[in-house]
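One letter stands for each residue in the lines below.
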Amino acid sequence: LNKVGEGERISQRAVELERELHPSGDETFAVALYGHGLNVLLQGKAKLAVPILEQACEVAKKHLGTNHGYYVAGLGALGLAYEQSGDLDRAETTFRHANEAGRTLQYRYQTFHAQAAAYLGELLIKKGNYGEAESFLRESEEIYRQGMGDSTLSTGEIKQDLGTVYLRRKDYVQAEVELRKSLEILKKGLSPEHPSTLKTEALLGLTLTRESKLGEGELYLRKALETQSRTPLNNPDGIAFTKGALGECLL
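To keep things clear, this report deals only with the structure shown in the data block. Remember, it's a predicted structure, so these values are computed and weren't measured experimentally. (Residues numbered from 1 in each chain as written. Predicted model: local features only at pLDDT ≥ 70, side-chain atom pairs only at ≥ 80, totals over all residues. Heavy atoms only, no water.)

Here we come to the environment of Ala14. You can see Ala14 is positioned in helix 1 (residues 4-21). Taking relative accessible area as the criterion, Ala14 reaches 30% and is therefore assigned partly exposed. In the structure, Ala14 is positioned 17 residues away from Val31 in sequence and 9.6 Å away in space, judged by C-alpha atoms. (Helix = DSSP H or I, 4+ residues; strand = E, 2+ residues; numbered from the N terminus. Buried < 20%, exposed > 50% of the residue type's maximum accessible area, 1.4 Å probe, protein only.)

This part covers the pattern of salt bridges. Taken as a whole, this structure holds 28 salt bridges when the rule is applied. Across the pair Glu142 and Arg145 runs a salt bridge, and its minimum N-O distance is 3.4 Å. Residue Glu142 and its partner Arg145 are located together in helix 7 (residues 130-148), separated by three residues, close to a single helical turn. Among the charged side chains, a network of salt bridges with common partners joins Arg138, Glu141, Glu142, Arg145, Lys159 and Glu178. (Salt bridge = Lys/Arg side-chain N within 4 Å of Asp/Glu carboxyl O.)

This part is about the packing of helix 4 (residues 69-84) against helix 6 (residues 110-126). In contact at an axis separation of 9 Å, helix 4 and helix 6 are set at 20 degrees when each is read in the N-to-C sense. Compared by their axis directions, helix 4 and helix 6 come out roughly parallel. Remark: the crossing between helix 4 and helix 6 carries left-handed chirality. On the side of helix 4, the interface is formed by Gly69, Val72, Ala73, Gly76, Leu80 and Glu83, while helix 6 contributes Phe112, His113, Tyr119, Leu123 and Lys126. Taken together, the residues that form the contact of helix 4 with helix 6 break down as six nonpolar, three polar and two charged. (Axes fitted to C-alpha atoms, helices over the stretch in contact; angles between N-to-C directions. Parallel < 35°, antiparallel > 145°, perpendicular 65-115°, else oblique. Left-handed = near helix turned anticlockwise from the far one by under 90°. Contact = heavy atoms within 4.5 Å. Nonpolar A, V, L, I, M, F, W, Y, C, P; charged D, E, K, R; others polar.)

Next up, the structure:
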């Protein structure tokens, strides 16, 4: 529901009650800390979320074990908090730990493993390690496919990341394949104005430009930019990327 402000207040109260009831910690305290840290993180307060999620992982490890879903979920959220705080190396270490622990999870918790692999793949794209990024993204994609089919929104996001990998590696033919599939999936599950849908449209437009399919590339880029321009404050980075890609296409 995207009511993270209300979620933070409720989850903070849950943490306070757990501290009173179980001062030495228990399973429920670990989950309460995870929920609270996630709500703080989703509001863009990554540095504030770090100590909460660190404690969530410690309590989960002690009371649930390293092969429990909420331990892996906590590590994934903690890695995101490190990444958004600018500590990419610590984020990578945490994501790798989450991915290894995820391989021991029960089937019902495999979504947390898929998330960890995707987070690691996305971070490795940022660091320019495209070969390894592709490997972890494919691992995540396969977990989602086995559990939920090949048309989930998570798969659409991973296809977008894979398209980015191939675009960066100048494999434009394969980038086009992945981005078209991503756009197909995201359009079914998200609104046309959603930043993720628009990002895929812009990436596809840039890919088509670099394949010398200039007319089609321009259409995608102009469509994305026109939609982004209606709500510029919601996605300034997306607008900047699309304008740059359209400029390259027109040039």
